[in-house]
Amino acid sequence: MAELTHLDPEGRPKMVDVSAKAVTRRLAVAAGYLELDAPAAEALSKGGGPKGDPWSVARIGAVGGVKRASDLIPLAHPLAIEAVDVVHHWDPATRRAWLRVAVSCEGRTGIEMEALAGVTVGLLVLYDMLKAVSHGMALGPARLLRKEGGRRGTVTLPWEGCPWAP
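Here the structure is a predicted model, which is why all the values come from computation and not from measurement.

A. Seen up close, the pattern of salt bridges. The final tally for this structure, using the stated rule, is eight salt bridges. For Arg12, the salt bridge is made with Glu10, and the minimal N-O distance between the two is 3.1 Å. Using a relative accessible area of 48% as the deciding quantity, one classes Arg12 as partly exposed. Via salt bridges that share partners, Arg25, Glu82 and Glu106 belong to a single interconnected network.

Printed below as a string of structure tokens:
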């Protein structure tokens, strides 16, 4: 069974020491969605709401979520993020507003948490942009689709129904 690395021998939380790990190119891609009710879906389909263009603000919020991941997740290491790519997809049939966040850097530890934080914060921003129309929205799930770098190398995690291949 795999060992939890964020616990010391007594079971107390600790930040993992990554100083002995090699610096490698790291990439993580995560996706998630916000499920909308009919009024929120109509507002998103029209491209705006009382607060402006929801997608633009959600994409900026996703970048902010990536950059603040180590502030939000207590045992995550601060990383020098080199690139963030945020794309969105609207599926009117399922009323799902999707975000995909890809993050890359050179470092000693993975950046999965940054990608997942970006997706989650971006979707929360989208909720905030549309809540003036309706609160009938549900967040998530959000999932890791791909990670590259580190001792595990490349890991891909397919997600049926996701508009992007991992």
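Structure's up, so let's keep going.
B. Quick look at the layout of surface pockets. Empty space within the largest pocket amounts to approximately 710 Å³. Lining the largest pocket are 25 residues, with Thr5, His6, Lys21, Thr109 and Glu112 positioned closest to its centre. The greatest single-element share of the lining of the largest pocket, amounting to three residues, is contributed by helix H4 (residues 112-130). Of the residues contributing to the lining of the largest pocket, the split by class is 10 nonpolar, seven polar and eight charged.

C. Spotlight on the packing of helix H2 (residues 54-67) against H4. Interaxial distance between H2 and H4 falls to 7 Å at its minimum, and their mutual angle equals 145 degrees. In terms of crossing hand, the pair formed by H2 and H4 is right-handed. Facing Pro54, Trp55, Val57, Ala58, Gly61, Ala62, Gly65 and Val66 of H2, the residues of H4 in contact are Glu114, Ala117, Gly118, Val121, Gly122, Val125, Leu126, Met129 and Leu130. Here the contact of H2 with H4 is composed, by residue class, of 12 nonpolar, four polar and one charged.

D. Fine view of the side chain of Arg26. Within the secondary structure, Arg26 sits in strand S1 (residues 24-36). An unpaired buried charge is present at Arg26: no salt bridge exists, and Glu112, the closest side chain of opposite charge, is 5.9 Å distant.

E. Geometry of the environment of Ala38. Looking at the element boundaries, Ala38 is found in helix H1 (residues 38-45). Of the residues examined, Ala38 reaches a relative accessible area of 44% and is grouped as partly exposed. Distance in space between the C-alpha atoms of Ala38 and Ala83 is 35 Å, their sequence separation being 45 residues.

F. Fine view of the sheet that holds strand S2 (residues 83-91). Across the sheet, which stays open at both edges, the five strands sit in the order S2-S3-S1-S4-S5 with antiparallel pairing between neighbours. Edge strands, defined here as strands with exactly one partner in the open sheet, are S2 and strand S5 (155-156). Packing of H2 onto the sheet brings it into contact with S2 and strand S3 (96-107), and relative to S2 it is tilted by some 140 degrees. The sheet contacts of H4 involve S1, S3 and strand S4 (137-148), and relative to S1 the element is tilted by about 25 degrees.

G. Region of the structure containing the side chain of His77. Within the fold, His77 resides in the loop between helix H3 (69-72) and S2. Looking at His77, its side chain comes within polar contact range of the main-chain oxygen of Val16, at 2.8 Å. With residues up to four places along the chain from it excluded, the contact list for His77 reads Met15, Val16, Val18, Ser70, Thr109 and Glu114.

Calculation criteria
Residues numbered from 1 in each chain as written. Predicted model: local features only at pLDDT ≥ 70, side-chain atom pairs only at ≥ 80, totals over all residues. Heavy atoms only, no water. Salt bridge = Lys/Arg side-chain N within 4 Å of Asp/Glu carboxyl O. Buried < 20%, exposed > 50% of the residue type's maximum accessible area, 1.4 Å probe, protein only. 1 Å grid on protein atoms, 1.4 Å probe; cavity = no way out; pocket = protein on both sides within 12 Å on 5 of 7 lines; lining within 4 Å. Points joined across faces, edges and corners; volume = space filled by probe spheres on them. Helix = DSSP H or I, 4+ residues; strand = E, 2+ residues; numbered from the N terminus. Nonpolar A, V, L, I, M, F, W, Y, C, P; charged D, E, K, R; others polar. Axes fitted to C-alpha atoms, helices over the stretch in contact; angles between N-to-C directions. Left-handed = near helix turned anticlockwise from the far one by under 90°. Contact = heavy atoms within 4.5 Å. Lys, Arg positive; Asp, Glu negative; His and termini not counted. Pairing = 2+ DSSP bridges. Polar contact = N/O pair within 3.5 Å; in protein donor to acceptor, adjacent residues only side chain to side chain.

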